[in-house]
Amino acid sequence: MFSFWNLFNRKDHFKVCLMKLTYIDYGVGNRVGDTIFLNKNLKKYPQLHDAILEHEGNHTDDWSFKDFMLDLRNDEIGEVKGEYYRFILTHPRAWANYSPILKLGNQWCFDITLTFFYVAFLSFFILLYFVVQ
Ligand SMILES: [Zn+2]
C-alpha cells in the first residue's frame, strides 16, 4: 500500500547508504554527523544490526526534537527487543551507550536526550524525597 510514510522511510534508507559506517568495540549505535558508529559485535545479530542501523539513519545530523522523539519511541527496535536485551546483557562494553558523554572517532560527544532523562529521573527522586519527608 502506498503511503507518504513509506516514501519517507525509503528516503531514510537512501540516506543510510550515503553515510559512513564505522565499527567500534563499545556502545551499541551512535550517529555523529554523517558517520554511524556501531558495535562490531552486532554483526552476530543481523536483525538487530539492521534495526539499529535504520534507527541511527533516521536521526538528524544535529540534535532536534525529532531525535528526542525517535529515542523515546524507538520503533525500529520494537520487533527485536528480545535480541536487544540479550545483546546488552552479554556485552558489558555496550553499556557505554548509556553514558551521556562518549568518545566517538576522535571526538568526545555529548548526548542531550540521555542528559535530559538523567536530570528528569534525578529531579523525580529529589522531589519524592521532599514529599515523603
Ligand atoms: Zn537514537
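Residues numbered from 1 in each chain as written. Predicted model: local features only at pLDDT ≥ 70, side-chain atom pairs only at ≥ 80, totals over all residues.

Student: Could you give an account of the environment of Asp 111, naming the residues involved and the relevant values?
Tutor: Relative to the assigned elements, Asp 111 resides in the loop between strand 5 (107-110) and helix 5 (112-132). Here the alpha-carbon distance between Asp 111 and Pro 100, two residues 11 residues apart in the chain, equals 4.9 Å. Aside from chain neighbours lying at most four places away, what touches Asp 111 is Pro 100 and Leu 102. (Helix = DSSP H or I, 4+ residues; strand = E, 2+ residues; numbered from the N terminus. Contact = placed C-beta atoms within 7 Å.)

Student: So, the sheet that holds strand 1 (residues 20-24): which residues are in play, and what are the values?
Tutor: The strand order across the open sheet formed by 3 strands is 1-3-2, and the pairing between neighbours is mixed. Both edges of this open sheet fall to strand 1 and strand 2 (29-32), since each of them pairs with a single strand only. Neighbour-to-neighbour, the strand axes of this sheet turn through a mean angle of 25°, independent of strand direction. Inspection of the sheet shows strand 2 paired to strand 3 (residues 35-39) by 4 bridges, in the antiparallel sense. Following the sheet pairing, Asn 30 is matched in strand 3 by Phe 37. (Pairing = 2+ DSSP bridges. Axes fitted to C-alpha atoms, helices over the stretch in contact; angles between N-to-C directions.)

Student: Report on helix 5, specifying residues and quantitative values.
Tutor: Over its 21 residues, helix 5 extends 30 Å from the first C-alpha to the last, a length consistent with the 30 Å expected when each residue adds 1.5 Å. Taken across its 21 residues, helix 5 has 0 buried, putting it largely on the surface. (Expected span 1.5 Å × (residues − 1). Buried ≥ 20, exposed ≤ 12 C-beta atoms within 10 Å, placed from the backbone.)

Student: Give me the confidence of the model for the protein chain: which residues, what numbers.
Tutor: Parts of the prediction with low pLDDT should not have their coordinates interpreted in detail. When pLDDT is averaged along the protein chain, the result is 87, and 87% of the positions lie at 70 or above. Per-element averaging of pLDDT across the protein chain places helix 1 (residues 4-18) at the bottom with 54 and helix 4 (residues 81-90) at the top with 96. Scored below 50 in pLDDT, residues 1-8 makes 0 contacts in the model with residues more than four places away or belonging to other chains. (pLDDT = per-residue confidence, 0-100.)

Student: How would you summarise helix 2 (residues 46-58) if you had to cite specific residues and measurements?
Tutor: Taking 1.5 Å as the rise per residue, helix 2 with 13 residues should run 18 Å; its terminal C-alpha atoms sit 18 Å apart, in good agreement. Among all positions in helix 2, only Leu 48, His 49, Ala 51, Ile 52, Leu 53, His 55, Glu 56 and Gly 57 are buried.

Student: Report on the nonpolar core, specifying residues and quantitative values.
Tutor: Val 28, Ile 36, Phe 37, Leu 38, Leu 42, Leu 48, Ala 51, Ile 52, Leu 53, Tyr 84, Phe 87 and Ala 94 together form the largest nonpolar core, which totals 12 residues. Looking at this core, the elements that each hand over two or more residues are strand 3, helix 2 and helix 4. The biggest single contributor to this core is helix 2, with 4 residues. The contact partners of Ala 51, leaving out residues within four places of it in the chain, are Glu 76, Ile 77 and Val 80. (Core = buried A, V, L, I, M, F, W, Y, C linked by C-beta atoms within 7 Å.)

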